[in-house]
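Reading the structure
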Amino acid sequence: MEDPAQLKDEGNNYFKEGDMDKAIESYTKAAKLCKDKKMLAIIYKNRSACHLKQENYALAASDASKAIDVDPADVKALYRRCQALEKLDKFDMAFKDVQRCATIEPKNKTFLETLRRLSAVIQEKLKSNYSTDARVKGMFEILMDPEAETDKIERAANNLVVLAREDAGAERIFQNNGVPLLLSLIETTKADLILAAVRTFAGMCTGHKARTMAIINMVGVDKLCNIMALDNEGIALATCVLFQSINDSLTTADHRIYGKEEALVLDAAKDLKTILLSLLDMVASMKVSGHGRDQALNLLSRNVPRKDLKNLDHSKTLFTIDHGLRKIMKVCGQVPDYLPDQLPMTENTQLIASILLTRLYDDLKCDPERDNFRDICDDYVKNKFDPQDMDKNIHAINAISGLLQGPFDVGNALVGRQGVLEIMVALCGSEREVDQMVAVEALIHSSTKMSRASFIITNGVALLKDIYKKTTNEKIKIRALVGLCKLGSAGGDDYAMRQFAEGSTEKLAKQCRKWLTNPKFDNKTRKWAIEGLAYLTNDADVKDDFVEDELAMKAMFELAKSKDKTILYAVAATLINCTNSYDKKDIMPELVQLAKFSKQHVPEQHPKDKKDFIERRVKRLLKGGIISALTVMVKAESSILTDQTKELLARVFLALSEDAKDRGTIVAQGGGKALIPLAIEGTATGKIRASHALARIAAISNPEIAFPGERVYEVVRPLVSLLSTDRDGMQNFEALKGLTNLAGFSEKLRVKIVKEKALAEIENYMFEEHDQIRQAAVECMCNMVTCKEVQERYMEDGNDKMKLLILLCGEEDDKLQIAAAGAIAMLTAAQKKLCKKLTLVTSQWLEILQRLCLHDHPAVQHRGLVIVYNMLCAEDEELSKQLIECEMLEILTIIGKSEDNPKKQVVLDVARTCLVKAMDMGLIKPFSVGF
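These lines cover the structure that appears in this document, whether it is placed above or below. Residue positions are given per chain, counted from 1 along the sequence in the order it is written. Local features in this predicted model are restricted to residues of pLDDT 70 or higher, and side-chain atom pairs are both shown and tallied only at a pLDDT of 80 or more, whereas totals for entire chains, interfaces and linings draw on every residue. In computing side-chain values, all of the structure's heavy atoms are included and hydrogens and water are not.

The helix count covers DSSP runs of H or I at least four residues long, the strand count covers runs of E at least two residues long, and both are numbered beginning at the N terminus. Helix and strand content of the protein chain: 54 helices and 0 strands. By its C-alpha atoms, the protein chain is 110 × 75 × 70 Å across when sized along the principal axes. Each residue gets one of three labels from its accessible area relative to the maximum for its type: buried under 20%, exposed over 50%, partly exposed in between, using a 1.4 Å probe on protein chains only. A burial count over the protein chain gives 53% of its 931 residues as buried. By definition, residues are in contact when any of their heavy atoms lie within 4.5 Å. A fraction of 68% describes how many contacts in the protein chain between residues 6 or more apart in sequence connect residues 24 or more apart. All accessibility values rest on the Shrake-Rupley procedure with a 1.4 Å probe; residue burial counts only the protein chains present in the view. Carbon and sulfur atoms provide 50% of the accessible area of the protein chain, an area that totals close to 44400 Å². Residues scored as positive are Lys and Arg, those scored as negative are Asp and Glu, and His as well as the terminal groups of each chain are ignored. Just so you know, the charge point we use is NZ for Lys, CZ for Arg, CG for Asp and CD for Glu. With 131 positive and 134 negative side-chain charges, the protein chain shows a separation of 1 Å between the mean positions of the two kinds.

See the structure below:
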């Protein structure tokens, strides 16, 4: 068995070395084994120091408290808890701790200074609270005054929303009887006031579990659902945000220290279950508006399936399937605008329901669970089929369409049921518009997979062609056309796998473009034209024709900006095809020859899918306004913006940013901001593609313009993620260039880069064999060394960081020398100790420094001379003599005596300044220098 004392000492050593993770690990093991209370207190106190270093302040306070429980007079533990509590904004509790420290050690200057500082902070906070209280009361007085002017009421309501976003303001509103007053605003039934009240509640619930639970109990879940059910898109969305804030506060680990309030923070499981059941009831309720239903489905989609499949608990999914799957199926089966007594819905509702079905099905862990899901769906559809009631049959087929757009395998199994395809064919032959429309859509969705498409080609192409030729109903005609488009693209971009005769796909695409640009048709109808193009643009002739049709291209971009978000995926898929930004498998020539020999099919590239054609299409898309459309698509507040769609958009952005000349256009139209959420959330591939596009933009753009405000700090993490060895060389290189630009912009950004633990990765690439990547890493480090934390790393003993920079100065590459010498120049200017360290890390330092000072490139020479000047200013007489008593004096003299030259004037001035410094120090006589 391991010895706790030995483990404690091991933790101490790791702490001294700066390895906090290993120190915490050792202390944790020691704490589990230790029986001695005094030693245990020391272990907790030491682990608290580690957590402080890692900025895990709640854990630091907790460990310090455990040490204080053993020895209430332990000033180190008290002061560490004080530091942690201060960072957690618990100033009054921190003040009490440092007060006890000052009582025990009344002459300790650190304690007295902290005491004074915290006292001032608390006084300022009290003033602020009194001021906030007065403002809150004033706002509520205006809101409740029946004679107040409308402008004043709206201003007061919006001020409350702003106040609630800050924790202090939210608490003041809550303490000033804010909840009943906000409820009274909701009772006014005025949309603006309801919206303000809901947004204020959302701010009050964000990140505070105790306050959230109190608000739920005072307002009631039913009341919140009734608000979300209102037929007002803004109110429904704001209430959705409120519910999300409630969910996040109740489910996220709460690291707050509540003190006496701790007992009020009860188990939230009951409230969460009530909310889940209420949302499921909303899904199928006639009393809920379309906007409210969309948001209920969105909330279920975001919060029921697991975000991480490593989490074993998927009980919410199983509960939702048991209590709500039939309700979601009911939404999928609705045919609004055509049948009576349908649920109120928006253009997006059915697709959101299909996406929810997908996420629920994907969250299941075993075959029995999936069988149960299929059985419920099968039973629901089977009970809807009725030979005597055509409306029920339509509902059943439409529900299958919903499954085909969601968990395809489940819908596909239902299509294979005896009689289902026959009903679909019979509906196609019906005289009712709604019958034909639902049946054709179901045929389209059932041919999603190529194996199914082959079946439909054999059995359904003739039917679709017949409908397309004979029907006079334009809505049916466009759907039949899309079905033919889908079947015609079954071979993907393989030029040798065309399903239809030469020229047929171009004719279909031309018809789609006509429908798309016809203003007489409504958006729902024109949307299907883009669906068709999403399939047909696998063909390179179609891609080229489409980007040359400016009207069609702009019509698609305008539709992408509309409220109907069901079009997002089709637009993204069309753009992926036009930019060729999908993954292409590398085909080995040897395997091609082998396939031809064995008479196997070999994929062929279309001549118009070569690089020059792709570049031309990209230019046309940029000119047509693609960036503004993409930025609107990224902002979609809906589950329809799935991770897969985000990945497609990220791929398109990456393709558009290929040419550095186009990146200014992307920035000017808001593309930089739009890429940030794509780089943070989505599929692993999508995040990498978006991060790569961000790196390209960050490398050449002014960060203030490309990523305005606080957004620029969100760019750092995606760029750092590209420094992994799992990424390819181009991603590494462009990430380093982007970080170099950011690091040169502000100290806050340099600190952010350090906090994201990028330094080790940057240093790693300084050893890279690839010249460009190595140069980029050194340039990045050159900009980073002005950060104090980076300088401290170079001052630490036992590392070769300074040695590496010196050796890099001895390389032959001018750009590499400029970066490495620049880094040394800044380091030696900021930290005098490094001037001496420079001479100790390698015996070649003087030779390399002399070569820098004699270099042909003025920028390299200038940096070398600056290093010499810094060393002369290091207040180290021995070091200064060592420099002057060697060939360096001759070098400085030759340069200093040179005639003035505008191109090299900076170099001459530094050399002369070095000689003057040497004279001032008495190292050389004035007459020995004749310039």
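The discussion continues.
Looking now at the nonpolar core. Definition used in this section: a nonpolar core is a set of buried Ala, Val, Leu, Ile, Met, Phe, Trp, Tyr and Cys residues joined via side-chain atoms within 4.5 Å. Formed by 270 residues in total, the largest nonpolar core has its most connected members in F201, F373, L516, I626, L630, F653 and Y794. Looking at which element gives the most residues to this core, the answer is helix α11 (residues 191-205), with 10 residues. With residues up to four places along the chain from it excluded, the contact list for F373 reads I321, L325, L357, L360, Y361, L364, P407 and V410. One finds C34, A77, A102 and L115 within the second-largest nonpolar core, a separate group that totals 35 residues.

Burial analysis of helix α21 (residues 408-415) places 6 of its 8 residues in the buried class, the great majority of the element. Along α21, the residues that are buried comprise F408, V410, G411, N412, L414 and V415.

Helix axes use the C-alpha atoms of the stretch in contact, all axes being lines fitted to C-alpha atoms, and the angles between their N-to-C directions lie in the range 0 to 180 degrees. Where helix α34 (residues 626-634) contacts helix α37 (residues 671-680), the two axes come as close as 9 Å, and the packing angle between them is 35 degrees. Note that α34 runs across α37; the crossing there is left-handed. Along its contact with α34, which presents I627, T631 and V634, the element α37 presents G671, A674, P677 and L678. Amino acids are sorted into nonpolar (Ala, Val, Leu, Ile, Met, Phe, Trp, Tyr, Cys and Pro), charged (Asp, Glu, Lys and Arg) and polar (every other residue, Gly among them). A class-by-class count of the residues in the contact of α34 with α37 yields 5 nonpolar, 2 polar and no charged. Handedness of each helix crossing follows the sense of rotation of the near helix against the far helix: counterclockwise by less than a right angle gives left-handed, clockwise gives right-handed.

Right, let's get into the side chain of T642. Looking at where T642 falls in the secondary structure, it is placed in the loop between α34 and α35 (643-656). What makes T642 buried here is its relative accessible area of 11%. Any pair of nitrogen or oxygen atoms within 3.5 Å is treated as a polar contact; in protein, a donor-acceptor pairing is required on top of that, and neighbouring residues in sequence qualify only through side-chain atoms on both sides. At a separation of 2.9 Å, a polar atom in the side chain of T642 contacts the side chain of T645.

With that settled, the discussion passes to unusual backbone geometry. A positive phi is found at N580, a non-glycine position, where the angle reads about 50 degrees. Locating N580 in the fold gives a position in the loop between α31 (568-579) and α32 (589-597). For N580, a relative accessible area of 16% translates into the label buried. Here E875, not a glycine, exhibits a phi torsion of approximately 60 degrees, which is positive.

Attention now goes to the packing of helix α50 (residues 845-853) against helix α51 (residues 858-872). Contact pair α50 / α51: the axes reach a minimum separation of 7 Å and the direction vectors enclose 130 degrees. As the angle between them shows, α50 and α51 are arranged oblique. For the pair α50 and α51, the contacting residues are W845, L849, L852 and C853 in the first and V860, Q861, G864, L865, I867, V868 and M871 in the second. Taken together, the residues that form the contact of α50 with α51 break down as 9 nonpolar, 2 polar and no charged. For this classification, under 35 degrees means roughly parallel, over 145 means roughly antiparallel, 65 to 115 means roughly perpendicular, and everything else is oblique.

What follows deals with the side chain of T349. Position of T349 among the secondary structure elements: in helix α18 (residues 349-362). A distance of 2.5 Å separates polar atoms of two side chains, one belonging to T349 and the other to D294. A distance of 2.9 Å separates the side chain of T349 from the backbone nitrogen of T346, its partner in a polar contact. What T349 contacts, discounting residues up to four positions off in sequence, is G290, R293, D294, L297 and V331.

Position of T842 relative to the elements: it lies in the loop between α49 (833-840) and α50. Residue class for T842 comes out buried when judged on its relative accessible area of 8%. Each C-alpha atom, one on T842 and one on A819, is 19 Å from the other, the two residues being 23 residues apart in sequence. For T842, the residues in contact, after removing those within four places along its chain, are K803, I806 and L807. There is a polar contact of 3.2 Å between the side chain of T842 and the backbone nitrogen of Q844.

Bringing the pattern of salt bridges into the picture now. Criterion for a salt bridge: a side-chain nitrogen of Lys or Arg within 4 Å of a carboxyl oxygen of Asp or Glu. The final tally for this structure, using the stated rule, is 48 salt bridges. A salt bridge links K752 to E756; the shortest N-O distance between them is 3.0 Å. One salt-bridge network, in which partners are shared between bridges, spans E658, R663, R696 and E734.

Right, let's get into the packing of aromatic side chains. Stacked, tilted and edge-to-face pairs are distinguished by plane angle, under 30 degrees for stacked and over 60 for edge-to-face with tilted covering the rest, among Phe, Tyr and Trp rings (Trp via its six-membered ring) whose centres lie within 6.5 Å. A complete count under the given rule lists 3 aromatic pairs for this structure. When the centroid spacing of 4.5 Å and the interplanar angle of 20 degrees are considered together, the rings of W515 and F521 count as stacked. For the pair formed by W515 and F521, the shared burial category is buried. Counting as a charge over the ring demands two things of the Lys NZ or Arg CZ atom: a distance within 6 Å of the ring centre and an angle within 35 degrees of the ring normal. Stacked on the ring of Y468, the Lys or Arg K477 has its end atom at 4.5 Å from the ring centre. Note that R616 overlies the ring of F613, its terminal NZ or CZ placed 4.9 Å from the centroid.

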